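Commentary on secondary and tertiary structure
Each chain, letter by letter, is given below.
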Amino acid sequence: MVSTSVPRLVVAAPASGSGKTTVATGLMAAFASRGLAVSPHKVGPDYIDPGYHSLASGRVGRNLDAYMCGPELVAPLFLHGARGCDIAVVEGVMGMFDGAAGEGELASTAHVAKLLRAPVVLVVDASSQSRSVAALVHGFASWDPEVRVGGVILNKVASDRHEDMLREALESVGVPVLGVLRRVAQVDTPSRHLGLVPVAERRAAAVDAVAAMAEQVRDGCDLEALMRLARGAGELDCGAWDAGEAVTSSPSPVVAVAGGPAFTFSYAEHTELLTAAGAEVVAFDPLRDEQLPHGTAGLVIGGGFPEVYAAELSANEPLRKAVAALAETGAPVAAECAGLLYLCRDLDGQPMCGVLDASGRMGERLTLGYRDAVAVSDSVLAVAGTRMRGHEFHRTVVEPGAGDTAAWGVRVPRRRLEGFVQGGVHASYLHTHWAAAPGVARRFVERCRTS
């Protein structure tokens with residue numbers, strides 16, 4: 001049993017772009033450099049920030065998503081990730097009170113902080129204000145009395161004089177200043193159409209960026225005060241989530257899971273659930289490996305950036321043929337977003353696996369948001385009528401958007417059909433979190449045994 005009093009902090013901000021990732025990642029690395037075991041977490045469905053968190057802490061980054069997994073799983077999943085750790089740092093999402101559209105506080109940083117009974121550190125971009133910072137912090141600290149804002153870190157402070165004005169203004173608010181950070185260019189990390197460039201694509205540069213974040217946080221933040229604040233987190237009255245309790249296991253089929261730079265979007269709990277359900281999980285890289293792992297009985301292809309690597313993926317013709325041959329046998333194949341594109345006939349004119357009679361291309365607008373979905377047909381993942389919550393995050397388009405047998409009916413806000421169910425293939429843009437429905441992993445592995 002994990003101690004339910006593990007020290008923890010939630011790093012929040014008034015709005016996106018305030019510096020949450022810099023501060024959270026820097027805190028993880030700074031605490032880890034002191035020899036502490038740091039548990040890294042991210043609120044919401046984001047796949048990219050956890051890669052930087054893993055680099056900073058040396059532990060797998062995990063998501064805490066109250067929309068997809070349900071509020072009741074947030075604390076157990078947190079405790080699962082925090083096993084054996086001295087402190088946990090949870091990076092928030094968007095503005096502190098911004099949650100799922102039309103769902104009130106659900107899945108917001110504030111909501112997760114309450115579920116974790118964790119103190120909040122508010123990161124404020126102070127670059128264009130002085131005395132007004134007091135009104136801003138006062139508003140966020142008093143808006144919801146169940147959320148404890150235990151301190152402020154001022155980011156992008158211009159000078160010593162600017163810092164003095166900010167500190168003076170905040171004296172009347174009663175929220176201590178726990179850090180002051182100047183703008184540092186080398187901390188900036190490159191972005192593209194879906195956010196930051198993943199660690200897997202720029203590891204050496206990412207290592208340098210994380211080191212710079214750690215140095216900035218060590219120089220500008222009171223780590224002792226932050227640790228004291230973390231130790232003041234409330235007790236949690238639940239046990240840690242356990243994949244073995246969620247699914248049963250028997251003989252071990254090989255489940256190949258795509259990885260490498262083109263397929264970096266995955267939740268750690270998925271492979272843990274597959275393993276607990278009895279699978280032998282073997283990673284492979286579609287950019288480099290010309291064959292699927294020996295004995296592959298099922299295939300999981302998650303999200304990522306196949307559009308960036310379309311030429312390289314296309315050039316690996318032996319693997320494309322191997323994937324198509326596996327799908328032709330009726331073996332279970334679960335593909336999300338990038339995986340859907342990889343299974344298409346082509347992507348931006350480059351030949352892909354040809355499992356699906358559809359074409360993918362870059363589009364002009366970003367599709368982003370939580371989704372309520374219902375399985376419209378039986379598949380290797382779910383029976384028809386199964387309800388799931390998921391997330392879409394892509395700037396590509398697949399035509400046609402759904403096969404003769406669709407995967408999901410999605411309400412956004414009107415119901416539409418989405419994805420493909422074809423033999424043993426389940427392919428869709430919808431990202432789901434299997435911890436919310438462990439029967440998905442159990443069903444998939446059982447189909448691997450019997451297909």
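In case you missed it, the structure is sitting above this.
Summary of the structure given here.

Conventions adopted
- As a convention, each chain's residues are numbered from 1 in the sequence order in which they are written.
- Per-residue local features of the predicted model are confined to residues with pLDDT of at least 70, and side-chain atom pairs are confined, for both listing and counting, to 80 or more; whole-chain, interface and lining totals are unaffected and use all residues.
- Side-chain measures were taken over the full set of non-hydrogen atoms in the model, leaving aside hydrogen atoms and water.
- Secondary structure elements follow DSSP: runs of H or I of four or more residues count as helices, runs of E of two or more count as strands, with numbering from the N terminus.
- Multiplying 1.5 Å by the residue count of a helix minus one yields the expected span of that helix.
- Summary of the burial criterion: residues with accessible area below 20% of their type's maximum are buried, those above 50% are exposed, and those between are partly exposed, where the area comes from a 1.4 Å probe applied to protein chains only.
- Only strands joined by at least two bridges in the DSSP assignment are considered to pair.
- The axes are straight lines fitted to the C-alpha atoms, using for helices just the contacting stretch, and the angles between their N-to-C directions are given from 0 to 180°.
- The criterion used for residue contact is that any of the two residues' heavy atoms lie within 4.5 Å.
- Here a crossover is taken to be right-handed if, once the strands point away from the viewer, the path from the first strand over the helix to the second is traced clockwise.
- In this scheme Phe, Tyr and Trp rings, the latter by its six-membered ring, pair at centre separations within 6.5 Å, and the angle between planes marks the pair as stacked below 30 degrees, edge-to-face above 60, and tilted otherwise.
- In this scheme, Lys NZ or Arg CZ marks a charge over a ring once it lies within 6 Å of the ring centre and within 35 degrees of the ring normal.

Over its 18 residues, helix 7 (residues 203-220) runs 25 Å from end to end, which matches the ideal 26 Å to within 8%, given 1.5 Å per residue. Listed as buried for helix 7 are Ala 206, Ala 209, Val 210, Ala 212, Met 213, Ala 214, Gln 216 and Val 217.

Moving on: the sheet that holds strand 7 (residues 177-182). Taking strand neighbours across the sheet as the criterion, the 7 strands line up as 3-2-4-1-5-6-7 in an open arrangement whose pairing is parallel. The strands lining the two open edges of the sheet, one partner per strand, are strand 3 (62-64) and strand 7. Strand-to-strand twist across the sheet, computed as the mean angle between neighbouring axes with direction ignored, equals 25°. Judged from the 4 bridges that link them, strand 1 (residues 8-12) and strand 4 (residues 87-91) form a sheet pairing that is parallel. When the bridges of strand 4 are listed, Leu 9 appears paired with Val 89. Contacts between helix 1 (residues 20-33) and the sheet are confined to strand 1, strand 2 (38-43), strand 4, strand 5 (120-125), strand 6 (149-157) and strand 7, with strand 4 contributing the most and set at about 165° to the helix.

Further remarks concern the sheet that holds strand 20 (residues 420-422). Spatially, 6 strands are ordered 11-10-12-13-21-20 in an open sheet, and the strand pairing comes out mixed. Edge strands, defined here as strands with exactly one partner in the open sheet, are strand 11 (280-284) and strand 20. The sheet shows a mean angle of 15° between the axes of neighbouring strands, taken without regard to direction. In this structure, strand 20 lies alongside strand 21 (residues 425-428), joined through 3 bridges in antiparallel fashion.

Now for the pairing of strand 6. Taken across its 9 residues, strand 6 has 8 buried, putting it largely inside the fold. Tracing the backbone out of strand 5, into helix 5 (residues 132-142) and back to the parallel element strand 6 gives a crossover that is right-handed. Pairing analysis gives 4 bridges linking strand 6 to strand 7, with the strands arranged parallel. Considered in strand 7, the bridge of Ile 153 is made with Gly 179. As for the winding sense of the linkage, the β-α-β connection from strand 6 through helix 6 (residues 160-170) to strand 7 is right-handed.

Our focus in this paragraph is the packing of aromatic side chains. Applying the stated criterion across every chain yields a total of 7 aromatic pairs. Pairing Tyr 47 with Phe 265 gives two aromatic rings, centres 4.9 Å apart and planes at 10°, and the pair type is stacked. Here Tyr 47 is found in the loop between strand 2 and helix 2 (49-57), whereas its partner Phe 265 is found in the loop between strand 10 (254-258) and helix 10 (268-276), with 218 residues between them in sequence. Linked through ring pairs, Tyr 47, Phe 265, Tyr 267 and Phe 305 together constitute an aromatic cluster. One Lys or Arg, Arg 389, reaches over the ring of Tyr 67 and ends 4.2 Å from the middle of that ring.

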